[in-house]
2 protein chains.
Amino acid sequence: MKLPKKVEIIEVCPRDGFQNIKTPISTETKIEIINKLVDCGFNWIEATSFINPKAIPQMADAAEVLKNAKEKHADKVGFIALALNLIGAQRAIEAGADAITYVVSASEKHNFENTRRTIDQSINEFIQVCKIKENVKVRFSIATALECPFAGTIDPSRVVQLVEAGLAVGADEVVLADTTGTANPVQIEALLSILIFRFPKVPFILHIHDTQGMGLANVLTALDFGINRFETAAAGLGGCPYAPGAAGNIATEDLVNMMHKMGIATGIDYANIIDVARYIAKKLEIPLVGHMARLTSCQASN
Amino acid sequence: MKLPKKVEIIEVCPRDGFQNIKTPISTETKIEIINKLVDCGFNWIEATSFINPKAIPQMADAAEVLKNAKEKHADKVGFIALALNLIGAQRAIEAGADAITYVVSASEKHNFENTRRTIDQSINEFIQVCKIKENVKVRFSIATALECPFAGTIDPSRVVQLVEAGLAVGADEVVLADTTGTANPVQIEALLSILIFRFPKVPFILHIHDTQGMGLANVLTALDFGINRFETAAAGLGGCPYAPGAAGNIATEDLVNMMHKMGIATGIDYANIIDVARYIAKKLEIPLVGHMARLTSCQASN
C-alpha cells in the first residue's frame with residue numbers, strides 16, 4: 001500500500017449536494033452551510049453551479065451564493081463553480097469564482113442529456129472558456145469517466161482522448177468522475193493505470209459517488225496510484241440530475257475518518273465536519289446516509 | 001491488485017445478526033430465513049450460537065434451529081455453530097454442527113466480557129474442544145483481532161501468539177474478527193503482513209464489521225494478501241453484545257456485488273441474496289442498512 005502523508009479533500013456538497021435536492025433551499029441556508037464548511041478547514045469548496053435555472057431551479061441564486069462566500073472567506077478558501085458551457089463559465093468568472101469545473105462526459109448520450117451538446121461542441125466551447133479564464137483555474141471534469149447510465153462501462157481509451165483534448169486547449173486540472181457511483185476498484189485501477197502512464201505529470205482529481213458502497217475501496221485503490229485529491233460531499237449528499245440511479249457522493253466525514261485513521265492528514269477538523277454533516281441533514285430534513293454521522297459517539301471513537 | 005478468481009462467503013446473519021436483535025425472533029422465522037439463505041448458494045452458514053440463554057435469550061433455540069437446518073440441507077450446506085466454551089461446543093456437536101466457531105478475544109478485557117474467562121482459561125477449554133471434535137471442523141476465531149472497545153488498538157504480535165496457541169492444539173481454521181468494525185486498511189495490512197509471513201499455509205478467514213464504512217476497503221486490502229474467505233451477514237445485520245458501539249457486518253449482498261463487478265466469482269445468486277436481505281429487514285422490522293438492498297433496480301443495474 002503506497003500512502004501519501006496528506007490528501008486534499010475538495011468539498012462539493014453546496015454544488016453536487018444541493019443541486020439534487022428538489023425542495024428549494026434558501027440562499028441564506030446555503031450561505032450558512034458554506035460558512036460552516038469553511039470553518040472545517042477546506043482549501044477548496046465547490047460552492048454552486050452556473051447552470052440554466054430553468055433546468056435546475058435550485059441553482060438560480062448561484063451568483064449571490066458565490067459572491068457572498070467570496071466576500072466573507074476569500075482569504076481562506078478557494079471557491080469553485082461548475083459550468084456546462086461558455087455562458088455558465090462567463091457568469092461564474094463575473095461572480096468571482098476562483099476556479100471553474102467545466103464538465104464534459106465521456107459518454108455522448110450523457111453529455112447530451114447533461115449539456116444539450118455533443119462532446120465535440122462541449123470541447124469547442126471549452127476552448128473559448130480557456131481563452132477568457134485569465135486568473136481563474138480551469139478544471140476539466142470528465143463525467144461518466146468509468147460508467148454511464150446509458151452507455152454502460154466506458155472504455156478507458158475514450159477518457160484518454162478526452163484528457164488529451166482538455167489539456168491541449170488549456171485545462172489546469174483534470175477531474176475524473178464516477179458520476180453514477182457504480183465503478184469498482186478494478187475499473188479504477190484500469191483507468192488510472194493508463195492515465196498515469198500517458199500523463200505522468202497531470203494531477204488527477206477523483207470525484208466518487210458511493211451508490212453501491214464501493215466509494216472508500218475506490219479511494220484506497222486510487223491512493224496506490226498516487227492520487228491525493230478527492231471530491232466528496234458533507235452528509236453524503238449528491239447525485240446527478242441526468243444520471244438516473246446515481247446516489248450521493250462519498251460522505252466527506254467518512255473519508256476524513258478513514259484518512260485520519262490510516263495516518264493520512266486532511267487538514268479537516270473531524271469533530272467539526274461531523275457536526276456540519278448532522279446539521280445539514282437536520283436543516284434540509286434529509287436522512288443521514290454517511291456511516292460516521294449516523295454513529296453514536298461510542299461507536300465513532302472505537 | 002492481486003485478485004483471486006473466486007472467494008468464499010460464509011453467511012453469519014443467523015448467528016451474528018440474530019444475536020443482536022433484542023426482539024425475540026421465532027424459531028420458525030429463523031428456520032425460514034436459513035432456508036432462504038441456503039437457496040442463495042452458500043457453502044457454509046453460521047446458523048446459531050450455543051451460548052448461555054440467560055445471557056442471550058435470542059439463542060435459546062440453538063439446538064432446534066441447527067437440527068432443523070441439518071435435516072433439510074445437510075447435503076448442500078455445512079452449518080457452523082458458535083461456542084464460547086466446552087459446554088457450548090459439546091451442545092453444538094450433539095446438535096449436529098459441521099463446524100464450530102470457538103471464540104477467544106485478543107483483548108483480555110473483551111474476552112472476559114464475552115466469556116467470563118481469562119484468555120488462558122479460554123484456550124485451555126479450547127484444548128478440550130479439540131479433543132472431542134471428531135469429524136467436526138474447529139474454527140479458532142480471534143475476536144477484537146484489530147481493535148477493542150476497551151483496550152483500543154491491538155498489537156499484531158498479540159494475535160500472532162493467539163494464532164500459534166490455537167494451531168498448536170488443533171484449530172482447523174483461524175478467523176480474524178474486526179469485532180467493532182473500526183479497523184482501517186493500514187491495520188489490515190499490518191496484521192496480515194505478519195500473519196502470512198509467520199503462517200504462510202494457514203487459510204485465514206476475515207470477519208469484518210462495517211461500523212465506519214471501511215468494510216469493503218478492508219476486504220480489498222485482504223484480497224491483496226491472498227485472503228479469499230470472508231464472513232458477512234445478509235442485510236448487514238450483526239454487532240457484538242459485549243462490544244459497545246459495534247455495528248453490523250458487511251452486508252453480504254454488498255460484498256457479492258463488489259466481487260462480481262470485479263470479476264471474482266462467489267457462487268452466490270445476487271438477485272436471490274438481495275431479495276433475502278430485503279425479506280429479512282421487512283420480516284424483522286429493521287431498517288435496510290446495506291447499500292445494495294436500499295437501491296432501486298435502476299441504481300443497482302448501473
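Every value quoted in this text rests on a predicted model; they were computed, and no experiment measured them.

J.: I would appreciate a short explanation of the overall build of chain A in the present structure.
T.: When its secondary structure is counted, chain A shows 13 helices and 10 strands. The C-alpha radius of gyration of chain A comes to 18 Å, within 12% of the 19 Å expected for a compact globule of 302 residues. If one aligns the C-alpha atoms of chain A with their principal axes, the spans along those axes are about 50 × 45 × 35 Å. By the burial criterion, 56% of the 302 residues in chain A qualify as buried. Restricting the contact set of chain A to residue pairs at least 6 apart, pairs at least 24 apart contribute 73%.

J.: Even after reading the chapter, I still don't get the nonpolar core, so can you show me in this structure?
T.: If you look at soluble globular proteins, the nonpolar side chains tend to sit buried side by side. A81 and I142 of chain A together with A81 and I142 of chain B are the most contacted members of the largest nonpolar core, which has 198 residues in total. Setting aside residues no more than four positions away along its own chain, I142 of chain A makes contact with V104, A106, V159, L162, V174, V175, L176 and A177 of chain A.

J.: Would you take a moment to explain the interface of chain B and chain A for this structure?
T.: Accessible area lost upon the coming together of the parts serves often as the stated size of an interface. Taken together, the 32 residues of chain B in the interface contact 32 residues of chain A. Going through the elements one at a time, α8 (185–198), α9 (215–223), α10 (252–261), α12 (291–294) and α13 (297–301) of chain B are the ones with two or more residues in the side of chain B that touches chain A. The greatest single-element share of the side of chain B that touches chain A, amounting to four residues, is contributed by α10 of chain B. Residue classes in the side of chain B that touches chain A are distributed as 15 nonpolar, 13 polar and four charged.

J.: Would you mind showing me how to read the relation of the copies chain B and chain A here?
T.: For the pair of chain copies, the relating transformation is a rotation about an axis with a translation along it. Of the transformation placing chain B onto chain A, the axial shift is 0.0 Å and the rotation is 180°, giving an RMSD of 0.0 Å. Both copies of the chain, as the preceding transformation shows, are related through a two-fold rotation axis. Measuring from the rotation axis to each C-alpha of chain B, the shortest distance belongs to A217 of chain B, at 2.0 Å. Most of the interface of chain B is mirrored in chain A: 100% of its interface residues are interface residues there too.

J.: How should the packing of helix α9 (residues 215–223) of chain A against α9 of chain B be read in this particular structure?
T.: Two packed helices can be described by the angle between their axes and the distance between those axes. Taken N-terminus to C-terminus, the directions of α9 of chain A and α9 of chain B make an angle of 45°; their axes are 7 Å apart at the nearest point. Between α9 of chain A and α9 of chain B, the crossing angle belongs to the class labelled oblique. Relative to α9 of chain B, the crossing made by α9 of chain A is right-handed. Contacts from L216, A217 and L220 of chain A of α9 of chain A reach α9 of chain B at L216, A217 and L220 of chain B. A breakdown of the residues in the contact of α9 of chain A with α9 of chain B according to their chemical character gives six nonpolar, no polar and no charged.

J.: Looking at this model, I keep getting lost on the confidence of the model for chain A. Mind explaining?
T.: Predicted coordinates in regions of low pLDDT should not be interpreted in detail. This prediction gives chain A a mean pLDDT of 95; 97% of its residues lie at or above 70. With pTM at 0.95, the complex prediction returns an ipTM value of 0.94.

J.: Just to check I follow, could you spell out the pairing of strand β4 (residues 99–105) of chain B for this structure?
T.: Every other side chain in a regular strand lies on the same face of the sheet, so the side chains alternate between the two faces. Residue and element names in this part refer to chain B. Along β4, seven of the seven residues are buried, which leaves the element largely enclosed by surrounding structure. The side-chain alternation of β4 yields two buried faces, one formed by A99, T101, V103 and S105 and the other by I100, Y102 and V104. One ladder, built from four bridges, connects strand β3 (residues 78–83) with β4; its direction is parallel. Considered in β4, the bridge of A83 is made with Y102. Each parallel crossover has a hand, and for β3 linked through helix α4 (residues 86–94) to β4 it is right-handed. With seven bridges joining them, β4 and strand β5 (residues 137–143) adopt parallel strand pairing. Residue pairing in the sheet places Y102 in a bridge with F140 of β5.

J.: Sorry if this is basic, but what is going on with helix α5 (residues 108–115) of chain B here?
T.: In an α-helix, one turn spans 3.6 residues, which is why side chains three or four residues apart end up on the same side. Residue and element names in this part refer to chain B. Every buried residue of α5 is accounted for by H110, N111, N114 and T115. Along α5, the residues classed as buried sweep out an arc of 105° about the axis, all on the same side. Packed against the buried residues of α5 are β4, α6 (119–132), β5 and β6 (147–148). R116 sits one or two positions beyond α5 and adopts a positive phi of about 60°.

J.: Help me understand unusual backbone geometry, please; the structure alone is not making it clear to me.
T.: It is generally the case that most residues other than glycine have a negative phi and that most peptide bonds are trans. Of note, the phi angle at A235 of chain A is positive, near 70°, even though the residue is not glycine. Here A235 of chain A is to be found in the loop between β10 (229–232) and α10 (252–261). Here A235 of chain A falls in the buried class, since 30 other C-beta atoms lie within 10 Å of it. We note that E134 of chain B has phi near 50°; this positive angle belongs to a residue other than glycine. One can find E134 of chain B in the loop between α6 and β5.

J.: Any chance you could explain the environment of A233 of chain B here in plain terms?
T.: Residues and elements named next belong to chain B. Here A233 shows up in the loop between β10 (229–232) and α10. Judged by local crowding, A233 falls into the buried class, with 32 C-beta atoms found within 10 Å. The spacing of A233 and I250 is 17 residues in sequence and 6.4 Å in space, taken between C-alpha atoms.

J.: Mind showing me how you'd approach the packing of helix α4 (residues 86–94) of chain A against helix α6 (residues 119–132) of chain A here?
T.: Residue and element names in this part refer to chain A. The interhelical angle for the contact between α4 and α6, taken along N-to-C directions, is 20°, at an axis separation of 9 Å. Comparing the axis directions of α4 and α6 gives the class roughly parallel. At the point where α4 passes α6, the crossing takes the right-handed sense. Side by side, α4 and α6 meet where L86, A89, Q90 and I93 of the first sit next to E125, Q128, V129 and I132 of the second. A breakdown of the residues in the contact of α4 with α6 according to their chemical character gives five nonpolar, two polar and one charged.

About the thresholds
Residues numbered from 1 in each chain as written. Chains lettered and ligands numbered in written order. Predicted model: local features only at pLDDT ≥ 70, side-chain atom pairs only at ≥ 80, totals over all residues. Helix = DSSP H or I, 4+ residues; strand = E, 2+ residues; numbered from the N terminus. Rg over C-alpha atoms; globule rule 2.2 N^0.38 Å. Buried ≥ 20, exposed ≤ 12 C-beta atoms within 10 Å, placed from the backbone. Contact = placed C-beta atoms within 7 Å. Core = buried A, V, L, I, M, F, W, Y, C linked by C-beta atoms within 7 Å. Nonpolar A, V, L, I, M, F, W, Y, C, P; charged D, E, K, R; others polar. Least-squares fit on C-alpha atoms with pLDDT ≥ 70 in both. Axes fitted to C-alpha atoms, helices over the stretch in contact; angles between N-to-C directions. Parallel < 35°, antiparallel > 145°, perpendicular 65-115°, else oblique. Left-handed = near helix turned anticlockwise from the far one by under 90°. pLDDT = per-residue confidence, 0-100. Pairing = 2+ DSSP bridges. Right-handed = clockwise from strand over helix to strand, strands pointing away. Arc of directions from axis to C-beta.

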